[in-house]
Amino acid sequence: MAKRILIIDDSAVFRKVLNLNLKNAGYEVGEASDGVDGLKKLIEGNFDLVVCDVNMPNMDGLTFVSKVRSHEKVRYIPIVMLTTESKEEKKQKGLEAGAKAWLVKPFSPEQLLNAISKLLP
Amino acid sequence: MNKRPERPVYIYSRKEENLKQLGSFFQQIKIPSTTSVSLEPLEQIYSIYIFCFESFLEFQEYKKIFPFSQTTSVLVHLVPLNSTWYENLADIVLTNNQDLHILKLAVELAYLRELEHKTKSHNHSKFLIQKKSIYSLTTSLSQGSGLGTSVTLIDMIDMQKKDCGKYYEINKEIIELLIKNNEHSRNLLEGLQNMVELLENSISLEKIFISKFLDKIPSFIERITSYFPKKNIELILQKEEVEGYLEINEEKIQLVIEELLLNAYKYSIVNSKIEFYLTSHEENFILKVRNQVHPEFYGGVPPELEKLVREPFVRIYPPGDEHFPLVKFGLGLGLTAIDYIVNQHNGFFSIRDEVVSGEKDNENFVVAEIILPIVE
């Protein structure tokens with residue numbers, strides 16, 4: 001059975017690119033446009049991993065990670081941050097909050113798929 | 001040996017406090033002084049002229065018209081009046097028998113130190129602006145759609161292409177996305193081109209009666225406000241009847257108004273209001289746009305970024321893709337364009353946060369304000 005990945009990003013075009021990339025690699029994909037939408041879909045859905053942006057309206061990616069980590073149902077789901085934020089300080093915050101990987105846009109499909117396959121063996 | 005000055009020292013400052021401090025200092029070292037809160041009239045009867053200007057620029061401007069530049073008088077910039085300056089001056093003067101020559105040297109030394117300090121802090125802020133601009137530009141180019149996404153899509157093509165001899169077989173969906181994304185990339189480059197054109201062409205100003213200008217506002221804002229229902233945003237437009245004229249370039253001021261409203265729309269929370277006030281205060285005409293932003297995640301202009309955000313490419317938050325058909329100056333150039341145009345109109349542009357205590361929680365707003373001079 002295919003693993004399910006939730007993409008959270010406020011850019012519709014970027015979600016499509018990511019979606020296509022993951023589908024072609026054999027994953028089932030769900031989409032959300034910000035942290036609030038993402039948290040709702042993650043709790044309601046049955047996802048194995050999340051790929052999440054940092055700067056988004058309504059709820060940013062770092063807050064999303066903290067909320068997931070404190071939610072009993074979804075706390076152990078691995079989260080990969082995929083963002084334009086390349087500052088080490090922000091990366092550290094993300095990893096401390098509970099993100100499992102931090103990739104910087106523009107992403108290389110190979111790099112993303114490698115990071116995901118390590119977390120979803 | 002040099003003698004103590006017979007002629008008094010002239011001290012100018014708009015602040016009484018500065019005058020008191022400096023007057024008392026010269027009294028201590030037994031040098032007569034005259035203090036003044038205004039620059040006029042200035043007679044050539046003083047040994048040293050000390051000016052405490054609010055800014056270094058003001059000092060430099062005054063230096064150009066200082067009437068006694070050919071005399072032995074010393075024109076000194078003395079802001080800020082801090083303890084270090086006094087310590088240096090007092091130390092040198094007191095240990096050198098309050099000699100005029102030494103005093104002049106001390107004053108000149110203090111001026112040079114001040115100049116050095118200004119240069120260093122200017123360089124420091126220049127580097128900060130450069131750093132923030134480059135960081136923001138990197139973010140803008142890598143963001144959701146645009147050039148960064150093209151890079152990823154081309155990587156995907158490279159990974160998935162099938163070699164069919166003379167041709168490659170490529171996933172149709174990737175090509176469609178590449179074409180769609182290309183619109184965003186083109187928009188970014190067009191934004192740069194628009195900015196170049198703005199900078200290269202002179203802006204001619206024409207007099208317009210303010211009431212006539214106010215009548216044109218609905219047509220100026222039509223394009224942007226037609227998008228407001230998408231976020232369920234209501235526009236509150238308030239116009240005050242003002243006498244007099246504005247000297248403006250209508251087309252460019254329309255651009256400024258569109259950019260102000262677009263900026264407000266991009267970062268407004270859904271189901272909120274954007275307020276647009278057109279009022280006057282004394283000899284100035286004021287355009288003010290106020291929009292509500294999320295208190296934590298998106299929108300808002302922290303005080304330390306109020307000036308920086310007007311610099312080219314500087315962005316606090318990456319904008320969403322959905323606004324791109326409206327954007328004329330992509331890549332973080334919108335507020336730079338506003339600032340430039342307003343300056344060409346001898347006006348002033350500012351943008352800042354405003355926090356209002358609500359019934360339950362504080363509400364966060366961003367206020368953008370443009371001040372244009374009213375002419376006769």
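Scroll up for the structure.
Model, not experiment: these values are computed from the prediction.

Rules used in this analysis
- Residues numbered from 1 in each chain as written.
- Chains lettered and ligands numbered in written order.
- Predicted model: local features only at pLDDT ≥ 70, side-chain atom pairs only at ≥ 80, totals over all residues.
- Heavy atoms only, no water.
- Helix = DSSP H or I, 4+ residues; strand = E, 2+ residues; numbered from the N terminus.
- Rg over C-alpha atoms; globule rule 2.2 N^0.38 Å.
- Buried < 20%, exposed > 50% of the residue type's maximum accessible area, 1.4 Å probe, protein only.
- Contact = heavy atoms within 4.5 Å.
- Lys, Arg positive; Asp, Glu negative; His and termini not counted.
- Charge placed at Lys NZ, Arg CZ, Asp CG, Glu CD.
- Areas by Shrake-Rupley, 256 points an atom, 1.4 Å probe, with all protein chains shown as cover.
- Core = buried A, V, L, I, M, F, W, Y, C linked by side-chain atoms within 4.5 Å.
- Patch = residues over 30% accessible without salt bridge, like charges linked within 9 Å, V, L, I, M, F, W, Y side chains within 5 Å.
- Salt bridge = Lys/Arg side-chain N within 4 Å of Asp/Glu carboxyl O.
- Pairing = 2+ DSSP bridges.
- Axes fitted to C-alpha atoms, helices over the stretch in contact; angles between N-to-C directions.
- Left-handed = near helix turned anticlockwise from the far one by under 90°.
- Nonpolar A, V, L, I, M, F, W, Y, C, P; charged D, E, K, R; others polar.
- Buried area = accessible area lost by both parts, 1.4 Å probe.
- Polar contact = N/O pair within 3.5 Å; in protein donor to acceptor, adjacent residues only side chain to side chain.

What about the overall build of chain A?
Regarding its fold elements, chain A presents five helices and five strands. Over its C-alpha atoms chain A spans a radius of gyration of 13 Å, differing by no more than 12% from the 14 Å that the globule rule assigns to 121 residues. Over its C-alpha atoms, taken along the principal directions, chain A stretches across nearly 30 × 30 × 25 Å. Classification of the 121 residues of chain A by burial places 54% in the buried group. When contacts within chain A are restricted to residue pairs at least 6 apart in sequence, long-range pairs at least 24 apart make up 61% of them. With 18 positive and 16 negative side-chain charges, chain A shows a spacing of 3 Å between the two charge centroids.

A word on the overall build of chain B
Along its length, chain B carries nine helices and 13 strands. For chain B, the proportion of its 376 residues judged to be buried stands at 47%. Split by element, the accessible area of chain B, about 20,200 Å² in all, is 51% carbon and sulfur.

A short note on the nonpolar core
One finds A:Phe64, B:Phe213, B:Ile257 and B:Phe285 to be the most contacted residues of the largest nonpolar core, which totals 75 residues. In terms of residue count, helix α8 (residues 250–267) of chain B provides more of this core than any other element does, ten residues in total. Among all residues touching B:Ile257, those that are not within four sequence positions of it are B:Phe213, B:Ile217, B:Phe220, B:Ile221, B:Phe276 and B:Leu287. Judged by nonpolar contacts, the second largest core, of 18 residues, contains A:Ile7, A:Tyr27, A:Leu103 and A:Leu112.

Description of unusual backbone geometry
Note on backbone geometry: most residues besides glycine have negative phi, and most peptide bonds are trans. Cis geometry marks the peptide bond from A:Lys105 to A:Pro106, where omega comes out at -5°. The phi dihedral of B:Asn232 is positive, around 50°, even though this residue is not glycine. Tracing the sequence through the fold places B:Asn232 in the loop between α7 (210–225) and β8 (234–239). The partly exposed category is assigned to B:Asn232, whose relative accessible area is 48%. A positive phi angle, close to 60°, is found at B:Asn271, a residue other than glycine. Structurally, the position occupied by B:Asn271 is in the loop between α8 and β10 (273–281). The exposed category is assigned to B:Asn271, whose relative accessible area is 57%.

Regarding a negative patch on the surface
Residues and elements named next belong to chain B. A surface patch of like charges, here negative, comprises Asp215, Glu240, Glu241 and Glu243. Tracing the backbone through its elements, the reader meets glutamate 243 in the loop between β8 and β9 (245–248). On the accessibility criterion, glutamate 243 (67% relative accessible area) is exposed.

Brief notes about the sheet that holds strand β3 (residues 49–52) of chain A
Residues and elements named next belong to chain A. The strand order β2-β1-β3-β4-β5 describes an open sheet built from five strands, whose pairing is parallel. Because the sheet does not close on itself, it has two edges, and the strands there are β2 (28–32) and β5 (101–104). Across this sheet, the average inter-strand angle for adjacent strands is 20°, counted without regard to direction.

Details of the packing of α8(B) against helix α9 (residues 334–344) of chain B
Residue and element names in this part refer to chain B. It is at 9 Å that the axes of α8 and α9 come closest, and there the two elements cross at 145°. Handedness of the crossing formed by α8 with α9: left-handed. Along its contact with α8, which presents Lys252, Leu255, Val256, Glu259, Leu260 and Asn263, the element α9 presents Gly334, Leu335, Ile338, Ile341 and Val342. Taken together, the residues of the contact of α8 with α9 sort by class into seven nonpolar, two polar and two charged.

Structural notes on the interface of chain A and chain B
Taken residue by residue, the interface counts 28 residues in chain A and 28 residues in chain B. Surface buried jointly by chain A and chain B totals about 2,300 Å² across both partners, of which 67% is contributed by carbon and sulfur atoms. Of all residues in chain A, A:Val13, A:Leu20 and A:Thr84 give up the largest surface area on contact with chain B, accounting jointly for 24% of the area buried on that side. Viewed at the interface, chain B and chain A are joined by zero salt bridges. There are five residue pairs in polar contact (both at pLDDT 80 or more) connecting chain A and chain B. Secondary structure elements with two or more residues in the side of chain A that touches chain B: α1 (12–24) and α5 (109–119) of chain A. A per-element tally of the side of chain A that touches chain B places α1(A) first, with eight residues. Among the residues making up the side of chain A that touches chain B, the classes are represented as twelve nonpolar, nine polar and seven charged.

A closer look at the environment of A:Leu95
Residues and elements named next belong to chain A. Relative to the helices and strands, leucine 95 resides in helix α4 (residues 88–97). Leucine 95 sits 40 residues away from asparagine 55 along the chain, and the two C-alpha atoms are 16 Å apart. In contact with leucine 95, other than residues within four places in its own chain, are Lys100 and Ala101.

Topic: the pairing of strand β11 (residues 284–293) of chain B
Residue and element names in this part refer to chain B. For β11, the tally of buried residues reaches eight of ten residues, placing the bulk of the element in the interior. Where β10 meets β11, eight bridges bridge the pair, whose relative direction is antiparallel. Residue pairing for β11: isoleucine 274 is matched across the bridge by asparagine 291. Joining the antiparallel neighbours β10 and β11 is a turn of two residues, in which glutamate 282 adopts a positive phi near 50°. Examined bridge by bridge, β11 and strand β13 (residues 362–375) share ten bridges and lie antiparallel to one another. What sits directly across from isoleucine 286, in β13, is isoleucine 371.

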